[in-house]
Amino acid sequence: MINITLPDGAVRQYEPGVSALDIAKSISEGLARKVLSAKVNGEVIDATRPITTDSTLQLLTWSDKEGKSTMWHSSAHLMAEALEALYPGVKLGIGPAIEGGGFYYDIDLGDRQIGEEDLRKIEVKMNELAKQSSVYVRKEVSKADALQYFTEKQDQYKLELIEGLNDGDITFYTQGGFTDLCKGPHIPNTGFIKAIKLTNIAGAYWRGNEKNKMLTRIYGITFPNQKELDEHLTLLEEAKKRDHRKLGKELELFTFSEKVGLGLPLWLPKGAMLRERLQQFLQKAQMDSGYLPVVTPHIGSKQLYVTSGHYEKYGKDSFQPISTPEEGEEFLLKPMNCPHHCEIYKASPKSYKDLPVRLAEFGTVYRYEQHGELHGLTRVRGFTQDDAHLFCRPDQVKEEFIKVIDLVLYVFKSLNFTDYTAQISLRDKEDRSKYIGTDENWNLAEQAIIESAREKGLNTVVEYGEAAFYGPKLDFMVKDALGRKWQLGTIQVDYNLPERFELEYIGADNAKHRPVMIHRAPFGSLERFIAVLIEHVAGKFPLWLAPTQVKILPISDKSQAYAEKVAELLKNSEIRAEIDDRSEKIGKKIREAELAKIPYMLVLGEKEATDNLVAVRRQAKGDLGTMEIKNFIDLITDEVINRKPFE
RNA sequence: GCUGUUGUAGCUCAGGGGUAGAGCACUUCCUUGGUAAGGAAGAGGUCGUGAGUUCAAUUCUCAUCAACAGCUCCA
């Protein structure tokens, strides 16, 4: 007998060779019907695999992340089965579950093209196959057999995958008439898949390489019942309503113009006010933390970027140099502020007592982004970084780095960004050719980041190959309405630029030393930050940021004079208020202010004018009753000072 | 840049081989109304751009530009 330890600590005894599904059945039939896969000694496997030794066991169902993942991966196989049935000769690439939910399969349809109608047909076929409750059968195969199978099938993609695998590690899974190369795990049978939705078709390069053939990727998602699918679709609809591109237009925050150029946002008055609020907020925090403001031009001589190394790395993929008409001098639109700041550092000799020097600038930069990359405000060609560069002594690096983490966390906290991941972006483990600088410096920098993040107790993930070409980064990633991840705050340790610019300070020993540079931007860029902010708050900005805080709604033009008086009082208290003096009914004025997501509305009529009161209405909440003007001002001021969220 | 989808009024969208329509917004007039849409009239578009097919193209075909989804990229 073997001992099976369950998550609650209970230990049960079974015959060797028992499966997770058998164990589930021994607990309850109901549970057994829900088991999708199992975690045995920390490894997720088929619920039907035999367990032969003492083990810990967690039964995975739809409520577990890994359970969902198993279901979706099996759904990808089900889709592949349907595709083979509908389109004989289709070649299959890979078909995994996706982290954010659902699955895809990359396929080569040859000369065939498919569209939306085809997706519906495939869904029908999948449903038909699912109903057969075909069992997913696992089989270990030798490399030779695996190669032979897919050679007969003439599937070069699978053959390529098998070539990269070791003999002995290869398994096939078969359900119904379909067999795929797969390491598993899978759900017990296709009958678990009750609701299917294929969402979209897109192109994807084989193995993610631009030089390879582009395959057709079909995305889908499945659920154990129709209700959950419907809920999921509703949720997607809701998310689309929070899209910053849609809200940016509706709330008149920003716009784009083809004539101005792609990816070059135009900030409208309300958006500009929001932006300025954020800038002032961060400027204040930076002033308090010993940063010094600097201002640098939007272009810099090409030589500046040759020195920094950016020209060699990105010169070809940048806006090309602009030249003077007579002398043929060459300048680049600045794609980053660091080189300029290095030259500011160099403007005067530095003593070790001067360090750290913290130079801050809201620097607008221009980068050539591939056409297909442009995306609302999150990926643009002209944007403003809340940039700063800290020049410090090696012994100050960690302390400074930690202070920067604190600043980023302060910013995130002030804006209620609680759901972020701190990503430690290091060099690619194999390919180091794309990085500049010595191994020694890289190791120092990577070490500094890892230690600082650990000391701050950040919840981190390490990503190899995500470092900048000159140094490792600590990136703060936040998701948008649709769950796509974006990098906002970033902190980078850099030993390279100080060398390239020959930055120095005189140490206590009266000798020259090289400072270390820290790049940091808590927002990342104002554009991207605001985009994510809009989606997070669904356009309902906290009062301290709201472009218009109060809309004054006189009931008729008899109350116009009183409305103006109230507006004046609010203005004196630095409250951003507007009067809606149109000859419209109060109901309509309220409706429009509600839709514009204005936090507070003041309904002013003859009653209020007589008693010197304001009737307050809160967006989405309704009538709050009347109060003294002074009390209303206090209410607003308190909410602004404490940076309360909208609720 | 690549694959696919889309492109009609300021916005959201309908239509369709015989040179265009709705709602909202806008302008004017009437209305002075108490917590999510008062009424009337008016103005507004060479149907993304260019070419081809046709007696005739906004509609069909091709190219091109842009947006969207994904891929690749992201100093």
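Below or above, wherever it landed, is the structure these notes cover. (Residues numbered from 1 in each chain as written. Chains lettered and ligands numbered in written order. Predicted model: local features only at pLDDT ≥ 70, side-chain atom pairs only at ≥ 80, totals over all residues. Heavy atoms only, no water.)

We now examine the state of the cysteines. Taken as a whole, this structure holds zero disulfides when the rule is applied. Its sulfur unpaired, Cys342 is 6.9 Å from the next cysteine sulfur, which belongs to Cys338. When its relative accessible area of 0% is taken as the criterion, Cys342 is described as buried. (Disulfide = S-S within 2.5 Å. Buried < 20%, exposed > 50% of the residue type's maximum accessible area, 1.4 Å probe, protein only.)

Take the protein's contact with RNA strand B next. Around RNA strand B there are 56 residues in total, and His371, Glu373, Ile555, Arg591 and Glu608 lie nearest to it. For RNA strand B, the fraction of protein-proximal atoms (within 4 Å) that sit in sugar or phosphate groups is 48%. Side-chain polar atom of His375 to a phosphate oxygen of RNA strand B: 3.4 Å apart, as the coordinates give it. Arg617 has a polar side-chain atom sitting 3.2 Å from a sugar or linking oxygen of RNA strand B. No other element matches the eight residues that helix α18 (residues 586-595) contributes to the surface near RNA strand B. Across the surface near RNA strand B, the residue classes break down as 18 nonpolar, 14 polar and 24 charged. (Near = heavy atom within 4 Å. Polar contact = N/O pair within 3.5 Å; in protein donor to acceptor, adjacent residues only side chain to side chain. Helix = DSSP H or I, 4+ residues; strand = E, 2+ residues; numbered from the N terminus. Nonpolar A, V, L, I, M, F, W, Y, C, P; charged D, E, K, R; others polar.)

Attention shifts here to the side chain of Gln560. With respect to the helices and strands, the residue Gln560 is situated in helix α17 (residues 560-572). For Gln560, a relative accessible area of 18% corresponds to the buried category. What Gln560 contacts, discounting residues up to four positions off in sequence, is Pro554, Ile579 and Asp581. (Contact = heavy atoms within 4.5 Å.)

With that settled, the discussion passes to the environment of Asn459. One can find Asn459 in the loop between α14 (439-455) and β24 (460-464). Residue classification places Asn459 among the exposed residues on the basis of a relative accessible area of 60%. Sequence separation of Asn459 and Arg582 is 123 residues, and the distance between their C-alpha atoms is 52 Å. The contacts of Asn459, once residues within four sequence positions are left out, are Thr421 and Ala422.

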